[in-house]
Protein chains: 2
Amino acid sequence: MPNRSDRVDEVFKALADPTRRRVIERLVSGPASTSDLAEPFDMALPSFLQHLKVLENAGLVTSEKSGRTRTYQLSPPGLDAAQGWLADQRRVWEQRLDQLEQFLTRKQTP
Amino acid sequence: MPNRSDRVDEVFKALADPTRRRVIERLVSGPASTSDLAEPFDMALPSFLQHLKVLENAGLVTSEKSGRTRTYQLSPPGLDAAQGWLADQRRVWEQRLDQLEQFLTRKQTP
DNA sequence: CGAACGGTTAGGCATTGACCTAAGTATTGC
DNA sequence: GCAATACTTAGGTCAATGCCTAACCGTTCG
């Protein structure tokens, strides 16, 4: 059973590759088939398929096969995992800066 | 010369490892020395140093050596790169959903 | 000064990741 | 039915990653 950290792990790992990020960038504007997605890339199809698998595994995209074509689409909850972690860090960071500022202010005007 | 995609690449790659994320999580609450950061991890120091190098390379942290201790601190612009990319995708995604909604609405009440 | 401390460098080994080619399977169109 | 289409599976290479131990360097303290 994958815990939260594992999930975040896979999402960031998936986003760490430029090919996969370009796929996401393509999918935000709407669903597409395997070969549509593969077309812009100078890469053998099996290699490209692996990237799609990584994305699907990370929960960033979903796919469905109908006939002989498979269609992919974005799965926003996947991106949420990454955004969530980043937002958490920023929250703590800003809270700390606030405390620091308060501390410095009090020090100056006691 | 690293372009934008390379930078985003390194940031996501850096964040893809749980050890490195825990270091960030530690650093958001304030600077710390190498050994302070290393202490919670059951790992040889040289191995841990590599993680710190990855984080610094990605621009997520900065460090400064004084005497024999090196102090690390968070560098928020690094996290911005990741947040920026994610925010861009969400923006396009939401714009597309809006257009889709408009399309469906018009179709229903022409 | 000399030992202990904090960090660094060098090198090695195992696993994973990104790519490939070749050969499959399951639709679909003529 | 047979060929083309759209993916899939199997296997193989090569570089990058994550970890280790051993040995080293500069700083501080008794």
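In case you missed it, the structure is sitting above this.
Now for a description of the structure that goes with this document. (Residues numbered from 1 in each chain as written. Chains lettered and ligands numbered in written order. Predicted model: local features only at pLDDT ≥ 70, side-chain atom pairs only at ≥ 80, totals over all residues. Heavy atoms only, no water.)

A word on the pairing of strand β2 (residues 61-66) of chain A. Residue and element names in this part refer to chain A. In this structure, β2 lies alongside strand β3 (residues 69-74), joined through six bridges in antiparallel fashion. Residue pairing across strands places E64 opposite T71, the latter belonging to β3. Between the end of β2 and the start of β3, which pair antiparallel, lie two residues, with G67 showing a positive phi angle near 65°. (Pairing = 2+ DSSP bridges. Helix = DSSP H or I, 4+ residues; strand = E, 2+ residues; numbered from the N terminus.)

This brings us to helix α2 (residues 18-27) of chain B. Every buried residue belonging to α2(B) is among B:T19, B:R20, B:R21, B:V23, B:I24 and B:L27, and all of these are buried. One side-chain oxygen at the N-terminal end of α2(B) lies 2.8 Å from the backbone nitrogen of B:T19; it belongs to B:D17. (Buried < 20%, exposed > 50% of the residue type's maximum accessible area, 1.4 Å probe, protein only. Polar contact = N/O pair within 3.5 Å; in protein donor to acceptor, adjacent residues only side chain to side chain.)

Attention now goes to the sheet that holds strand β1 (residues 32-33) of chain B. Residue and element names in this part refer to chain B. Here three strands make up an open sheet; going across it, the order is β1-β3-β2 and the pairing antiparallel. Across the chains shown, the open sheet's two edge strands, defined by having one partner strand only, are β1 and β2 (61-66). Pairing geometry for β1 and strand β3 (residues 69-74), over two bridges, is antiparallel. Counterpart to S33 in the pairing with β3 is T71. α2 contacts β1, β2 and β3 of the sheet and is inclined by roughly 85° relative to β3. Each of β2 and β3 is contacted by helix α4 (residues 45-57), which is oriented at about 120° to β2, the strand it contacts most. (Contact = heavy atoms within 4.5 Å. Axes fitted to C-alpha atoms, helices over the stretch in contact; angles between N-to-C directions.)

Another point: the pattern of salt bridges. This structure, assessed with the given rule, holds ten salt bridges over all chains. Of the charged contacts in the structure, one is a salt bridge between A:D9 and A:K13, with a shortest N-O distance of 3.6 Å. With a gap of four residues between them, A:D9 and A:K13 both fall in helix α1 (residues 4-15), about one helical turn apart. Overall, A:D9 belongs to the buried group, its relative accessible area being 10%. Of the residues examined, A:K13 reaches a relative accessible area of 47% and is grouped as partly exposed. The shortest N-O distance in the salt bridge between B:D88 and B:R91 comes to 3.5 Å. Taken together, the residues B:D88 and B:R91, both in helix α5 (residues 76-108) and three residues apart, mark about one turn of the helix. One connected set of salt bridges, linked through shared partners, spans A:D9, A:K13 and B:R21. (Salt bridge = Lys/Arg side-chain N within 4 Å of Asp/Glu carboxyl O.)

DNA strand C sits among 21 residues. The nearest are A:A44, A:S47, A:H51, B:S35 and B:R70. Of all atoms in DNA strand C that approach within 4 Å of the protein, 67% are sugar or phosphate atoms. At a separation of 3.3 Å, a base nitrogen of DNA strand C approaches a polar side-chain atom of A:Q50. With respect to DNA strand C, the side chain of A:H51 contributes an N or O atom lying 2.4 Å from a phosphate oxygen. Secondary-structure elements contributing two or more residues to the surface near DNA strand C are α4 (45-57) of chain A together with α3 (34-38), α4 and β3 of chain B. Each residue belonging to the surface near DNA strand C can be placed in one class, and the counts come to six nonpolar, eight polar and seven charged. (Near = heavy atom within 4 Å. Nonpolar A, V, L, I, M, F, W, Y, C, P; charged D, E, K, R; others polar.)

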